[in-house]
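# Residue-level structural notes
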Amino acid sequence: MTRVYHDEDADLGVLKGATIGVIGYGNQGRAQALNLRDSGLDVIVGVRADETREQAGKDGFEACSIREAVQRCRVVMMLIPDEVMPAVFAAEILPGLDRGKALCFASGYNIAFGCLAPPAGTDVIMVAPRMIGAGVRQRFLEGKGFPSFISVHQDATGRGRQIALAVAKGIGSTRGGAMEMSFAQEAELDLFTEQAFGPAFGQVLLAAIQTLIDAGYPAEAVMVELILSGEFAYSLEKIAELGFFKQMDLHSHTSQYGSMSRSLNYMNPQTAAAMKQALEAIRSGAFAREWEAEKEAGLPVFNQMRELRELHPIAAWDRQTREAFRLGTGE
Ligand code: NDP
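Below you will find a few notes about this structure.

Procedures and definitions
- Residues numbered from 1 in each chain as written.
- Predicted model: local features only at pLDDT ≥ 70, side-chain atom pairs only at ≥ 80, totals over all residues.
- Heavy atoms only, no water.
- Near = heavy atom within 4 Å.
- Polar contact = N/O pair within 3.5 Å; in protein donor to acceptor, adjacent residues only side chain to side chain.
- Areas by Shrake-Rupley, 256 points an atom, 1.4 Å probe, with all protein chains shown as cover.
- 1 Å grid on protein atoms, 1.4 Å probe; cavity = no way out; pocket = protein on both sides within 12 Å on 5 of 7 lines; lining within 4 Å.
- Sits in = over half its atoms within 2 Å of the grid points.
- Nonpolar A, V, L, I, M, F, W, Y, C, P; charged D, E, K, R; others polar.
- Core = buried A, V, L, I, M, F, W, Y, C linked by side-chain atoms within 4.5 Å.
- Buried < 20%, exposed > 50% of the residue type's maximum accessible area, 1.4 Å probe, protein only.
- Helix = DSSP H or I, 4+ residues; strand = E, 2+ residues; numbered from the N terminus.
- Contact = heavy atoms within 4.5 Å.

This paragraph deals with the site of the ligand. If you check the shell around the ligand, you find 23 residues, and the closest are Tyr 25, Arg 48, Asp 50, Thr 52 and Asp 82. Taking Asn 27, its main chain carries an N or O atom lying 2.8 Å from an oxygen atom of the ligand. Separating an oxygen atom of the ligand from a side-chain N or O atom of Arg 48 is a distance of 2.7 Å. Burial of the ligand by the protein amounts to 76% of the accessible area it has alone, namely 900 Å². The cavity that encloses the ligand is the second largest pocket. Here the residues of the shell around the ligand sort into 13 nonpolar, 7 polar and 3 charged.

Core analysis: the largest hydrophobic core is formed by 37 residues, its most contacted members being Val 75 and Met 77. If you tally residues by element for this core, the top one is helix α7 (residues 160-170), at 6 residues. The residues contacting Val 75, other than those within four sequence positions of it, are Leu 15, Thr 19, Ile 20, Gly 21, Ala 102, Cys 104, Ile 163 and Val 167. With 25 residues, the next largest nonpolar core counts Phe 89, Ile 93, Leu 103 and Met 181 among its residues.

Next comes the structure, spelled out in structure tokens:
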């Protein structure tokens, strides 16, 4: 079984006296900076001179330019979006990256697919929370942990693993558990969830909506039943909390009988085959190359798909249901 590290395996003392430079103050940046500071560590924030820097200042952090934060810190927390990271790295981070510093990523993508190449004298580590930023902060405040994947890609100082574990402890993850994975595995799992599980699930949901609307049920009733009631979201939450089968006991016997007796009807080898294909394109780097080319071309396909999705009937059903039940449009 893969090793999972807990609080007792990590020593915050490794980071005592070292400044941690949190680069980016968004979803992960803000949550991780606050948690690291509350763990007694010395944190500065490197961010552009805008309202985000003001927010970091209001939260009591010393906030400066990315370049200055990198120059002043020992551990550089890479918490800006993956797609801007290579350019920001080349312009603002690399110049201040003296030997012996640690670059800590929250995602394996850019290292796994060779989008940026840190110098040889730098520790390259990863602490990737499996939790959105708001959850990282909330669970910390509740005294609870959350899972993360940690990795040491380059261990220039020989202390990479200790630093990764200390960061994982500082953000509150090792209260739950930090599992060691390679950068590539982390990136592949993440992309697979986005490219296989997410869209396959989306298609199942669309098929259910379409089936019921074709059968004459009002769109508003269908949307409430399947999505807006939050019932399915609640089941997913309970799957995470109790387990896949155990959560079934929360449902009525009618529901359990109906669900178990019909589930085999939806076994679909085509879905598994499409998922395998998606995984192969991710692992071979074909997806990363395609996405690089798309960005270089100015995102023509991406923008077209975003326009097209607004034309799908579900966009209108969604809007009209939200209006009818005064739920707000989410805009
Ligand atoms: P965000 O989109 O929330 O990052 C926003 C921050 O990045 C802001 O401070 C913003 O500054 C800064 N930023 C954006 N563009 C630039 C740029 N061109 N130059 C300089 N700064 C810029 O990122 P996330 O927190 O979502 O993601 C950070 C990392 O964490 C990524 O590697 C991601 O994969 C990983 N991760 C994210 C999770 C999540 O919950 N979102 C979960 C687990 C990992 P400004 O306000 O000045 O624009």
